[in-house]
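# Chains, contacts and geometry: an overview
These are the residues of each chain, in order.
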Amino acid sequence: MSSSIERTPAAAGTDRRTFLQRVALAGVALGPGGAFLASCATGGGDDTDDEASEAPSGDVSDDNPLGIPTDQPVEVYIFDGGFGDEYATELHQPIFNEKWPDIQIDHHAAVDIGAELQARFVAGDPPDFINNSGDGQMDPGQLVSDGLLADLTPLFDAPSWDDPSVTVRDTLLPGTIESGTRDGKPYVLNYAFTVFGLWYNAALMEQNGWPVPTTWQEMMDVCADIAATGIAPWVYQGVTAPRYMNWPLLSMATKLAGPEILVSIDNLEPGAWGHEAILESAAAIRSLAENSYFLPGVEGMEFRDAQGLWARGEAVFCPSGSWLENEEADAIAENPDFQMAMMPDPLLSPDSVMPLETVRATAGEPYVVPADAKNPLGGMEYMRAMLSMEGARGFTERVTSLTSVAGSSEGVQIDAPGLASAQAALQAAGDNVINWFYPSWYGTMENPGIDQVTGALLRAEITVDQWAEQCEAVATEIREDDSIVKQTREG
Amino acid sequence: MRHGKYPFILAFLLPPVGIYAIYMLSPYVQAIYISMTDWSGLTAAQTFIGFDNYVEMWGDDQLRKALWNNLILVLVVPVLTLLLGLFFASMLNVGGRSRGGAVTGVRGSSIYKVVYFFPQVLSVAIIGIVFKYVFAPENAGGILNRVLGAIGLGGLQQLWLAEPNYLIWIIVLVMTWSFVGFYVVLFSAAMQSIPRDIYEAALLDGSSRFTTFRKVTVPLVWDTVQVGWVYMAIQAMDGFATVHIMLGINGGVEGAGDVLGIAMYREAFAEADFGYAAAIGVLMLVLTMVVAVAFMRGLRRERVELA
């Protein structure tokens, strides 16, 4: 087992490299004194940018479609967070090694990916495969614009692990490659698949005979019934992340007016946030605050506290993604009666453009291959192994998360009731899967930008018009900042 | 013996000076250089952009907010801490009077000493998390609101951490609370070195406790106060850990509790803009030095000599 601290120095590691790494670690310990900012910085100027072109390769064959060198080690970094790292050591790496017994996998787990790898990127000596996730995630947009990530096109064009007649690209759920594409090129493999929606306390609803609302009017009726019993109808992620409420807000607006409104938001078009459907949806969300349908005090809570109270039966609805069940596993375990389920966000009007079953879903959990890696093809081959049916199915079984590999959860017995309902909702949605990209394209636009504005809306401190105006201001700021590389999408 | 003096001295001086230069001085110089680049922190490539980062800083409203908050911290926290620290220390050491005219601390002072010092033993992380739950809503375990409710002051209950106007004052409170213990101990040490006969003379002359405090204790521990003040101002200039833990990386609701340290961290690690972060770091360096010099000068007063 390798821990995050003990790291085998790279074979070609120079004194400068080890020096930089140590200084960086020491700098983190010193904290905010500017020492870290400085010490790892200047002095790396003589970098070997063309290392990738010298990358070793083997012969391309049916058996080795990427042409990887069959005797070079692959250095792998896995974020040791909610998913742990056993799925890599006990599942994906054995699959990989079965095919490539001579390739040694140099596995590392890290809790703070950025702190461990930033100095190595600067030194031009990154590992071959990174699960760039967690709080210490390195900004993917910046990595791309600095030219530090390898283009994954060869991987997606290669035949899949299981069936040589189908490319990797064709085994993935729609939207997967797009979610990792910047400037027209795929740089990030998003492996886990997340379904977003309204999660509710199904046990409580059933006991009280409350129907699952399909329209906003029904939602308000149910909320009135719930509130009358002294239970709070809704929670959200409190002072930590009011932005979670943007998800039902934007989903409901999209169902009402169609996915074009999301395109104009993502493309930072002026007036995008002032679209009538969005205003109507924001008004609906604000009405929850006006009617005091939020759990008292939720505005000042940490997100885990708010979700914990929800899982303990003090509230009924909670907006989130399908990680919620894992995240609240301890609170759920305390309350044996609790049964969670997911519903698609209700329709604002019966003549909505998109059906009720429409859900927001997206590939997440990013994996990348650095452009300067010693063995980038080895990193991509590792991805190909992950994307095998066995790798994806095993991942779903082990960590209770869907994957981007189409059909990989079919036949998998999902015991977690929440995830099972998310899987069912995704199947019911068919092609009606929506998503928006501004949070991943422009991190600060969502947080703190829209996050803070929506926070004020949820405290009913501002009107819907003021909310839209302030969201516009946030978008304008991004639009006019020349230092931010802009992305666009169509339809 | 004179012969090899300089090589001998140099041989011993060079390693420490060299290490100091490499690890202490060069980072400052590098940070100043980086603040004039657009370095993202991820590549080896840096483009020199002159003072653009500083120009951007000038127009950055959020940074202004952070600066203002730091100003509040620098002015309020040291004053509160010193007043409380001096008061508690004098109570512990020379506050008691009843027992036969001897100059001692108030009753139970040995216990209080431990209690005051207690926060100093806890790490900032623990203090931050504990106080997050002091100010949390009642149903999420908030102690303050529960206490207010229990003593019939339910009207004063607030969602403390959701109210932008309170954030920085909550930080002031927490920082003061966590600092006071150390200064009580520091001032106690200073006060113990004051000869007892001075107090006895004051006592005989019928001086009140407050007069004794003002005319005897404070002048005689002033040097320590001055050092403590500067040290505290530097600590308050930082405030990073407390704010980060209690309010998060954006400085809480509407960024109202932001401080420069957080802004720097955010620019570097969330926005991958190490150049701008370094510029904030340089600003902090300059401000800290200005504050230190200003306090040293402003607080200078005549030394009292104990002959």
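Remember, predicted model here, so these are calculated numbers, not experimental data.

## Brief notes about the overall build of chain A
In terms of regular secondary structure, chain A is built from 21 helices and 12 strands. The buried share of chain A, taken over its 491 residues, is 60%. Intrachain contacts of chain A at a sequence separation of at least 6 include 75% that bridge at least 24 residues. Carbon and sulfur atoms make up 49% of the accessible area of chain A, which totals about 18,900 Å².

## Focus: the overall build of chain B
Secondary structure summary: chain B contains 13 helices and zero strands in total. Each principal axis of the C-alpha distribution contributes one length, and for chain B these read about 80 × 75 × 30 Å. Long-range contacts, defined here as pairs at least 24 residues apart, represent 65% of the contacts in chain B between residues at least 6 apart. Accessible surface computed for chain B: about 16,100 Å², of which carbon and sulfur atoms make up 69%. Averaging the locations of the 19 positively and 19 negatively charged side chains of chain B gives two centres separated by 17 Å.

## Regarding the confidence of the model for chain A
Parts of the model with low pLDDT should not have their predicted coordinates read in detail. Residues and elements named next belong to chain A. Taken over all residues, the pLDDT of chain A has a mean of 87, while the share at 70 or more is 89%. Confidence drops under a pLDDT of 50 for residues 1–41, and excluding neighbours within four residues, the segment shows 71 contacts in the predicted structure. For the stretch residues 43–53, pLDDT sits under 50, and the model shows 17 contacts to residues farther than four places along the chain or on other chains.

## Brief notes about the interface of chain A and chain B
In this assembly, 42 residues from chain A lie in contact with 36 residues from chain B. Approximately 3,200 Å² of surface area, both sides summed, lies buried where chain A meets chain B, with 64% of it carried by carbon and sulfur atoms. Where chain A meets chain B, there are two salt bridges. The shortest N-O distance in the salt bridge between K132 of chain B and E302 of chain A comes to 3.4 Å. The interface formed by chain A and chain B contains nine residue pairs in polar contact (both at pLDDT 80 or more). Elements with a minimum of two residues in the side of chain A that touches chain B: α1 (15–30), α2 (35–39), α4 (113–122), α5 (140–145), α13 (303–314) and α20 (443–458) of chain A. Its residues assigned to classes, the side of chain A that touches chain B shows 21 nonpolar, 13 polar and eight charged.

## Here's the deal with a negative patch on the surface
All names here are of chain A. A contiguous patch of negative charge on the surface is contributed by E98, D162, D163 and E390. Looking at the secondary structure, you find E98 in helix α3 (residues 86–99). Looking at E98, the relative accessible area reads 67%, which means it is exposed.

## Here's the deal with the packing of aromatic side chains
All names here are of chain A. Under the counting rule described, the total for this entry stands at 38 aromatic pairs over all chains. Between the aromatic rings of W234 and F317, the centroid separation amounts to 5.9 Å while the plane-to-plane angle is 45 degrees, which identifies the pairing as tilted. Linking W234 in strand β7 (residues 232–234) with F317 in strand β8 (residues 315–321), this pair joins segments that are 83 residues apart in sequence. For the pair W234 and F317, a shared accessibility class is recorded, and that class is buried. Relative to F294, the ring of Y236 has its centre 5.0 Å away and its plane inclined at 75 degrees; by these criteria the two rings are edge-to-face.

## Side note on the packing of helix α12 (residues 260–270) of chain B against helix α13 (residues 274–298) of chain B
All names here are of chain B. Across the interface, α12 lies against α13 with an axial gap of 7 Å and an inter-helix angle of 160 degrees. Classified by the angle their axes make, α12 and α13 are roughly antiparallel. For the crossing formed where α12 meets α13, the hand is left-handed. Facing α12, whose interface residues are L260, G261, A263, M264, E267, A268 and F269, α13 presents F274, Y276, A277, I280, G281, L283, M284 and L287. Looking at the contact of α12 with α13, its residues break down into 12 nonpolar, two polar and one charged.

## Here we look at the packing of helix α3 (residues 61–94) of chain B against α13 of chain B
All names here are of chain B. Two elements in contact, α3 and α13, have axes separated by 13 Å at closest approach and are oriented at 25 degrees. Comparing their axes, α13 and α3 come out roughly parallel. The way α3 lies across α13 gives a crossing that is right-handed. Contacts between α3 and α13 involve L63, L67 and V74 from the first element and Y276, I280, L283, L287, V291 and F295 from the second. Taken together, the residues of the contact of α3 with α13 sort by class into nine nonpolar, no polar and no charged.

## Let's talk about helix α18 (residues 417–429) of chain A
All names here are of chain A. The terminal C-alpha atoms of α18 lie 18 Å apart, and with 13 residues this matches the ideal 18 Å at 1.5 Å per residue to within 8%. Buried within α18 we find G418, L419, S421, A422, Q423, A425, L426 and A429. With its phi angle positive at about 60 degrees, G430 sits one or two positions after the end of α18.

## Remarks on the domain arrangement of chain A
All names here are of chain A. In terms of domains, chain A is made up of domain 1 (74–194 + 362–423) and domain 2 (196–358 + 435–480). The gap between the C-alpha centroids of domain 1 and domain 2 is 30 Å. Roughly 1,100 Å² of surface becomes buried between domain 1 and domain 2 when both sides are summed, with 52% attributable to carbon and sulfur atoms. At the boundary of domain 1 and domain 2, one finds zero salt bridges. There are six residue pairs in polar contact (both at pLDDT 80 or more) connecting domain 1 and domain 2. Looking at the side of domain 1 that touches domain 2, the elements with two or more residues in it are α7 (176–179), β4 (181–182), β6 (189–201) and α18. Per-element tally for the side of domain 1 that touches domain 2: the top contributor is α18, with five residues.

## A short note on unusual backbone geometry
Residues and elements named next belong to chain A. Residue P448 follows N447 across a cis peptide bond; omega there is 10 degrees. Take P448: it is sitting in helix α20. Unlike most non-glycine residues, T400 shows phi in positive territory, near 50 degrees. Among the secondary structure elements, T400 is positioned in the loop between α17 (389–399) and β11 (402–403). Since its relative accessible area comes to 28%, T400 is described here as partly exposed.

## Here's the deal with the nonpolar core
Counting residues in hydrophobic clusters, the biggest one holds 99 residues, and the most contacted among them are W216, W234, W273, W310, F317, M445 and W467 of chain A. Sequence-distant contacts of W216 of chain A, defined by excluding residues within four places in its chain, comprise W234, M252, A284, I285, S287, L288, P346, L347 and L348 of chain A. Counting 69 residues, the second largest nonpolar core, distinct from the first, contains A89, F131, I168 and A256 of chain B.

## Remarks on the pattern of salt bridges
Applying the stated criterion across every chain yields a total of 16 salt bridges over all chains. Members of the salt-bridge network, linked through shared partners, are E75, R120, D125 and K374 of chain A.

## So, the pairing of β8 of chain A
Across a regular strand the side chains alternate sides, sitting on one face of the sheet and then on the other. Residue and element names in this part refer to chain A. Most of β8 is tucked away: seven of the seven residues are buried. Here β6 pairs with β8 via five bridges, running antiparallel. Within the sheet, the bridge partner assigned to W199 lies in β8 and is C318. Bridge analysis of β7 against β8 gives two bridges, and the strand direction is parallel. Opposite W234, over in β8, you have F317 as the bridge partner.

## Some details on the confidence of the model for chain B
Residues and elements named next belong to chain B. Predicted confidence across chain B gives a mean pLDDT of 88, with 94% of residues reaching 70 or more. Averaged pLDDT values for the elements of chain B fall to 82 in helix α4 (residues 109–121) and rise to 94 in helix α11 (residues 240–247). Interface predicted TM-score (ipTM) for the complex: 0.82; the corresponding pTM is 0.83.

## Quick notes on the side chain of T37 of chain B
Residue and element names in this part refer to chain B. With respect to the element layout, T37 can be found in the loop between α1 (5–34) and α2 (52–58). For T37, a relative accessible area of 0% gives the class buried. Within the structure, T37 has its side chain in polar contact with the backbone oxygen of I34 (distance 2.8 Å). Within the structure, the side chain of T37 is placed 3.3 Å from the backbone nitrogen of W39, a separation counted as a polar contact.

Cut-offs applied
- Residues numbered from 1 in each chain as written.
- Chains lettered and ligands numbered in written order.
- Predicted model: local features only at pLDDT ≥ 70, side-chain atom pairs only at ≥ 80, totals over all residues.
- Heavy atoms only, no water.
- Helix = DSSP H or I, 4+ residues; strand = E, 2+ residues; numbered from the N terminus.
- Buried < 20%, exposed > 50% of the residue type's maximum accessible area, 1.4 Å probe, protein only.
- Contact = heavy atoms within 4.5 Å.
- Areas by Shrake-Rupley, 256 points an atom, 1.4 Å probe, with all protein chains shown as cover.
- Lys, Arg positive; Asp, Glu negative; His and termini not counted.
- Charge placed at Lys NZ, Arg CZ, Asp CG, Glu CD.
- pLDDT = per-residue confidence, 0-100.
- Buried area = accessible area lost by both parts, 1.4 Å probe.
- Salt bridge = Lys/Arg side-chain N within 4 Å of Asp/Glu carboxyl O.
- Polar contact = N/O pair within 3.5 Å; in protein donor to acceptor, adjacent residues only side chain to side chain.
- Nonpolar A, V, L, I, M, F, W, Y, C, P; charged D, E, K, R; others polar.
- Patch = residues over 30% accessible without salt bridge, like charges linked within 9 Å, V, L, I, M, F, W, Y side chains within 5 Å.
- Phe/Tyr/Trp six-rings, centres within 6.5 Å; stacked < 30°, edge-to-face > 60°.
- Axes fitted to C-alpha atoms, helices over the stretch in contact; angles between N-to-C directions.
- Parallel < 35°, antiparallel > 145°, perpendicular 65-115°, else oblique.
- Left-handed = near helix turned anticlockwise from the far one by under 90°.
- Expected span 1.5 Å × (residues − 1).
- Domains from an automatic or database assignment.
- Core = buried A, V, L, I, M, F, W, Y, C linked by side-chain atoms within 4.5 Å.
- Pairing = 2+ DSSP bridges.

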